[in-house]
Amino acid sequence: MKILNDVSMKNYTTYKTGGIVRTMYFPENENELRELLKRLKKENIKYFIIGNGSNIIVDDNYFDGAIINLKKLNKYSIKNNEVYCECGVMLPLIANMTIKSSLKGLESLISIPGTIGGSIYNNAGAYNVEISNYLKEIRVLNENGEIVTLEKQDCDFKYRDSIFKHTKKYVIISCVFKLEKGNKEELLKIVDTRCEKRKLSQPLEYPSAGSVFRNPLNNYAGALIESLNLKGKTIGGAKVSCKHANFIINENNATSNDIKNLIKLIHEQVLNNYDIDLILEQEIIAWE
């Protein structure tokens, strides 16, 4: 498999931040992944697993360990109304391919810049649709190196949450979606409308990782942040987007610490002013 040494995480996160890691591995199939995990555990080497790096804030410091990048596990197939995907397939790609096959369900998720594995891990969603809505089963590698199949009901899916966020004993390898037949032209119209809305409302021209906080019940994180006049607030090179207050952008060579400090400031101000404890949607990865 492909192996890189002394890799900058700036090249593997959508925030374009992060420190140098000793080694990055790119397994191309589940057997390579299984053998790699077995070896790293045997040699007691600390490791983290990533996909597209689109929902993470990684440590600025050097990591004397391994990053396992799953983007080369990217095979997929469509048969009737069922779609098989390996974990490294990009969600926008498979959404496009299902539309071409006149299958509806994933079109609302077409703008989420994550892999299938990362999207399942986070139960990614948009327009009141979650990826778990259309999952039939998920194949995972368990802590004993065995490949097992989990049913949807086994995964405790909730709003931006799943069992995978609370236990490290599973590594998502692949999944099967069960979709419905739809009208290709109607689906394409929905996608065009939503993509245009996204261009107008989100700061796509800057590195970011999407929505920073989950929306609280019956409210919107962006509206709360905007009401406190935090649009345009900067710490170092990180900035609260002037276009969408629930986005933090890397405007000027920001560090992960800049972003984390801005997150802390926003969280404290919303809590102090509204007594609302915003929950972080992005994941902070600390090497130690």
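Each chain carries its own residue numbering, running from 1 in the direction its sequence is written. A pLDDT threshold of at least 70 governs which residues receive local features in this predicted model, and a stricter bar of 80 or more applies before side-chain atom pairs are shown or counted, although totals over entire chains, interfaces and linings include all residues. Neither water nor hydrogens contribute to the side-chain values; these are computed over all heavy atoms in the structure.

Engineer: In this structure, what is going on with the pairing of strand β13 (residues 171-178)? I would like to understand it.
Structural biologist: Two faces make up the sheet, and in a regular strand the side chains alternate between them. Throughout this description, buried means an accessible area under 20% of the type-specific maximum (1.4 Å probe, protein chains only), exposed means over 50%, and partly exposed covers the range between. Helical segments are the DSSP runs of H or I of at least four residues, strand segments are the runs of E of at least two, and each set is numbered from the N terminus. Counting buried positions along β13 yields seven of eight residues, so the element is predominantly enclosed. If DSSP finds at least two bridges between two strands, the strands pair. In this structure, strand β7 (residues 82-86) lies alongside β13, joined through five bridges in antiparallel fashion. Within the sheet, the bridge partner assigned to E86 lies in β13 and is S174. Where strand β11 (residues 135-141) lies against β13, six bridges are found, and the strand directions are antiparallel. When the sheet's bridge partners are listed, V140 is paired in β13 with I172.

Engineer: Would you mind going over the sheet that holds strand β5 (residues 63-69) with me for this structure?
Structural biologist: The strands making up a sheet are joined through hydrogen bonds of the backbone, oriented either antiparallel or parallel. A sheet is described by the order of its strands in space; here four strands give the open sequence β1-β2-β5-β3, paired in mixed fashion. Pairing within the sheet leaves two strands with one partner each, and these edge strands are β1 (2-8) and β3 (47-50). The mean angle between the axes of side-by-side strands here comes to 25°, regardless of whether they run parallel or antiparallel. With four bridges connecting them, strand β2 (residues 20-26) and β5 associate as parallel partners. Helix axes use the C-alpha atoms of the stretch in contact, all axes being lines fitted to C-alpha atoms, and the angles between their N-to-C directions lie in the range 0 to 180 degrees.

Engineer: Honestly, the nonpolar core in this entry has me stumped. Any pointers?
Structural biologist: Among soluble globular proteins, nonpolar side chains are generally buried collectively. Judged by nonpolar contacts, the single largest core of 47 residues is most densely connected at I116, I120, I138, F164 and F177. Of all the secondary-structure elements, those providing two or more residues to this core are α1 (30-42), β5, β7, α2 (91-100), α3 (116-122), β11, β13 and α4 (184-201). Broken down by element, this core gets its largest block of residues, five residues, from β13. The set of buried Ala, Val, Leu, Ile, Met, Phe, Trp, Tyr and Cys residues whose side-chain atoms join them within 4.5 Å is what this entry labels a nonpolar core. In terms of nonpolar packing, the next biggest core, distinct from the first, is built from 21 residues, Y15, I57, A221 and I259 among them.

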